[in-house]
Amino acid sequence: MEPLLESKAGPSEAESQWREQEQRELSPSRWQRQRRTWTNIASLVLAMLLGWTIFVHFCGHWRDTGRSWRLDWGQEEKVGSEKNRGSQYLLGVGKADITGPVVEINMMGYADTKQVGSGLRQRLYSRAFIVGNVKHPKDRFVYLVLDTQSGDTAVRYGILEGLSKLGSDFAVYGQHNVAVTGTHSHSGPGAWLNYLLPQITSKGFDKQSYRAIVDGAILSIQRAHTSLQPGYLTVGSTKVFGANINRSLYAYLANPEEERARYNESIEDDGSVEKTLTLLRFQRASDGKNTGVLTWFPTHGTSMLGNNTLISGDNKGVAADLFEKSFSTEYNVAEGFVAGFSQASVGDTSPNVLGAWCEDGSGAECSFRNSTCSDGKSQFCHARGPFFRVKDNGAASCYEVGKRQFEPARALYDDLDTNGTPITGSSVKSLHTFQDMTNFTFPLANGSYVHTCPAALGYSFAAGTSDGPGAFDFTQNDPGAPNASPVWRVVSGFIKEPTEAQKRCHYPKPILLDVGEISSPYLWTPNIVDVQVLRVGQLVIIVSPGEATTMAGRRWKEAIHDSASFLALSGSSSVDPVVVLGGPANSYTHYIATTEEYSIQRYEGASTLYGPYTLNAYINLTLRYLPYLSSSSTTRPLPGPSPPNNVNRSLSFITGVVYDGTPIFKNFGDVKTDVRPAYSVGDIVSATFVGANPRNSLRLEQTYAAIEMIDTYTNRWVRVRDDSDWSLVFNWKRTSGVLGTSEVEIVWETEERAQPGRYRIRYFGDSKAVGGAVTAFEGISGEFVLA
């Protein structure tokens, strides 16, 4: 047993010798073995390099850290990228046509009965922006930007009612989270507002005008809702020069000097108006494409003058259109990109940046104190836009001021990845309540108690502004005892004599129209106002029902900023709040001036409805309810008293279309005056057709006019312009009221970007027969060459 125990495992010595001999005979030479070894090593190295390359490509990337290069793995890059882009939100954007009747309806803004629509320069739109909480989708808000003079109580009621009928998916939208703002364009059709005062010049209420806005706004929300998906928000700001001035500088200078000095940065930016444009970018997470932008910048929608009768979105409409059409296919934008250019502290701003001058032959500037001329009246005092010498009712100046907003906004957008601030903090909150302002009592900062008043308008309201002078002998800056004819006291008293308490409450405003205490046949102006604030992350949006002046807006925003910072609404005390103000929204409560500006009683002070403490009241109310926007809040404020909805009780003296006729031996759409055979780029091309009343069909989401170009490859006509384009103008004229005949002139102001080629003009109309039947028709001009 021992020999066995001492033996080693393995072959015997003889067997080993035999195997070694066999191995030497069968094995390759040394150099062959080395070559095979090195070949295997090289193959292994190449395989490892190929695998490493593929792994890095799909899972990570090299990053320059500033000191060295290192590899970031996929998960690390995802986290880092999201951190750089901020928090994720549920985002959606949408746009829809709200162009109402473009003819025979008084236009809203200048309150001039003679300003009646005669055609279309640019279609009007509702642009909807939805922001929601990804984890709690019911926490969301809708911010609408309408190409209208303002938001409105009746319009908002109509939108909310329409949304409630769309099913359970839209049940998340209601009073608390829908903001309806207007760009404050003075170039849209009127007759859609809830209260009597703005209905007077429009001969009452027009359902067609109203439904166009409501239905289009609902459609824009539907489209935004359909497009909802996770994404990121980034905010930035820039300066905009040459697009606004202060039209009531005399009143602005009444504010404390030390306060004004805080905003006086340079000669070009002296603080008299806000030059800052704030831009919010919407970017979807799935592919990184941008879906829209929402901007805030203050300038009045009065570039188109009071003698203009063509419907347009004014300078804000121009800016939005330029932005949306500024991208070619290679840009990182999604299809259906939407650009909203919302108003801000617009009250005392003007786009007519060359100032106010007397058009009485004197060549003098208007009076600094009260905007009058040599005759002591305001009628000859007119503000001048950049191209005031062009006799086009303000169109060239309007386009220029729109471009001056678009260009810096686009430059900011292009640099936003570098200079922008990501919105952070996942919570999204909104609050809304109604407040009766007839006698709202609250404390000031010094502890004293004050109260608001029933709405009233002062004498200087009737004086108008240099953007749109008033009538008769009313002047601005007319506090105390008004310097106007005693006849107006009689007229004012005949309408409604204000009580002594009302006079004391509004002092030093001399009351011309005691509108808040007139309820016959229904309320003339609102006494119940909307109080609404929206928040996403550190961005807080004050939704103002009136036109806040420059300094009023600053005080309001500063108060909200300080409180939002103190309360850490976004959930982080280290993130500085960004506060913007948008309006006029939800209703139209005219103006919001500071107490100092109110004491001067220029137009803005005279139009501050609820007395000298109107601004203080709005600030108090928004601060009172601001805790509801806390990230931990789960409740809402009580709704408050509901304002009236006058849609079905409003008066209307607007006649409808009876019928359309044609001249003898003519048909609808026939060409009356044709184009010339050839034009040069920059020329004006026009054709006139046998027309019909465009009120027969608003052609929403369609067009009344088009420019078509022949495609030389397919020999087919392709539409290259429609009536949403600024350069294509649709004019309508009644030629006989008895016969019902009319004509349409379509004008193309050819632009530098117009391509040489062969074109034609196409007209789309709808005629109404005596029995009421409406029939669509078309007209086509002759062909012409553009070279």
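For the structure, check the block above.
The sections below set out a description of the structure shown in this document.

## Some details on the overall build of the chain
Right, so step 1: When its secondary structure is counted, the chain shows 18 helices and 41 strands.
Right, so step 2: For the chain, the proportion of its 787 residues judged to be buried stands at 55%.
Right, so step 3: Taking as baseline every contact in the chain between residues at least 6 positions apart, the subset at least 24 positions apart corresponds to 75%.
Right, so step 4: Approximately 34,300 Å² of the chain is accessible, and the part contributed by carbon and sulfur atoms is 54%.

## What about the nonpolar core?
Right, so step 1: Counting 61 residues, the largest nonpolar core has Leu-144, Ile-159, Tyr-173, Phe-730, Ile-746, Trp-748 and Ile-761 as its most contacted members.
Right, so step 2: Here this core takes eight residues from helix α7 (residues 207–226), the largest share from any one element.
Right, so step 3: With 49 residues, the next largest nonpolar core counts Tyr-522, Val-529, Tyr-588 and Ala-617 among its residues.

## Digging into the sheet that holds strand β20 (residues 428–436)
Two orientations exist for strands paired in a sheet by backbone hydrogen bonds: parallel and antiparallel.
Right, so step 1: Within the open sheet, the four strands sit side by side as β20-β27-β28-β30. Their pairing is mixed. Two strands close off the open sheet at either side, each with one partner strand: β20 and β30 (578–582). Between one strand and the next, the sheet's axes are offset by a mean angle of 15 degrees, whatever the strand orientation.
Right, so step 2: Sheet topology note: the strand β28 (residues 539–543)/β30 ladder contains five bridges and is parallel. Paired with Val-543 across the bridge in β30 is Gly-582.
Right, so step 3: With respect to the sheet, helix α18 (residues 614–625) is in contact with β20 and β27 (528–536), its orientation differing from that of β27 by roughly 50 degrees.

## Remarks on the packing of aromatic side chains
Right, so step 1: According to the stated counting rule, one finds 30 aromatic pairs in the structure shown.
Right, so step 2: Relative to Tyr-413, the ring of Phe-323 has its centre 5.6 Å away and its plane inclined at 85 degrees; by these criteria the two rings are edge-to-face. One end of the pair, Phe-323, is in helix α10 (residues 314–324); the other, Tyr-413, is in helix α11 (residues 395–414), and 90 residues separate them in sequence. Just as Phe-323 is buried, Tyr-413 falls in that class too.
Right, so step 3: Geometrically, the ring pair formed by Tyr-625 and Tyr-628 is tilted, given 6.3 Å between the ring centres and 35 degrees between the ring planes.
Right, so step 4: Taking relative accessible area as the criterion, Tyr-628 reaches 27% and is therefore assigned partly exposed.
Right, so step 5: Through successive ring pairs, a cluster of aromatic residues spans Phe-323, Phe-327, Tyr-331, Phe-337, Phe-341, Phe-406 and Tyr-413.
Right, so step 6: Against the face of Trp-726 rests Arg-121, its NZ or CZ located 5.0 Å from the ring centre.
Right, so step 7: The ring of Tyr-331 has Arg-410 sitting right over it, with the charged end atom 4.8 Å from the ring centre.

## Remarks on the pattern of salt bridges
Right, so step 1: Scanning the model with the defined rule gives 44 salt bridges in all.
Right, so step 2: One salt bridge connects Asp-467 with Arg-247, and the closest N-O pair in it is separated by 3.0 Å. Here Asp-467, found in the loop between β24 (464–465) and β25 (468–469), pairs with Arg-247, found in the loop between β11 (245–246) and α8 (249–252); they are 220 residues apart in sequence, far enough to count as distant.
Right, so step 3: For Asp-467, a relative accessible area of 6% puts it in the buried group.
Right, so step 4: Given the relative accessible area of 10%, Arg-247 is considered buried.
Right, so step 5: Two residues, Asp-321 and Lys-325, come together in a salt bridge whose shortest N-O distance is 3.1 Å.
Right, so step 6: Given a relative accessible area of 14%, Asp-321 falls into the buried group.
Right, so step 7: Residue Lys-325 is classed as partly exposed on the basis of its relative accessible area of 43%.
Right, so step 8: Among the charged side chains, a network of salt bridges with common partners joins Lys-95, Arg-127, Asp-147 and Glu-324.

What counts, and at which threshold
Residues numbered from 1 in each chain as written. Predicted model: local features only at pLDDT ≥ 70, side-chain atom pairs only at ≥ 80, totals over all residues. Heavy atoms only, no water. Helix = DSSP H or I, 4+ residues; strand = E, 2+ residues; numbered from the N terminus. Buried < 20%, exposed > 50% of the residue type's maximum accessible area, 1.4 Å probe, protein only. Contact = heavy atoms within 4.5 Å. Areas by Shrake-Rupley, 256 points an atom, 1.4 Å probe, with all protein chains shown as cover. Core = buried A, V, L, I, M, F, W, Y, C linked by side-chain atoms within 4.5 Å. Pairing = 2+ DSSP bridges. Axes fitted to C-alpha atoms, helices over the stretch in contact; angles between N-to-C directions. Phe/Tyr/Trp six-rings, centres within 6.5 Å; stacked < 30°, edge-to-face > 60°. Lys NZ or Arg CZ within 6 Å of the ring centre and 35° of its normal. Salt bridge = Lys/Arg side-chain N within 4 Å of Asp/Glu carboxyl O.

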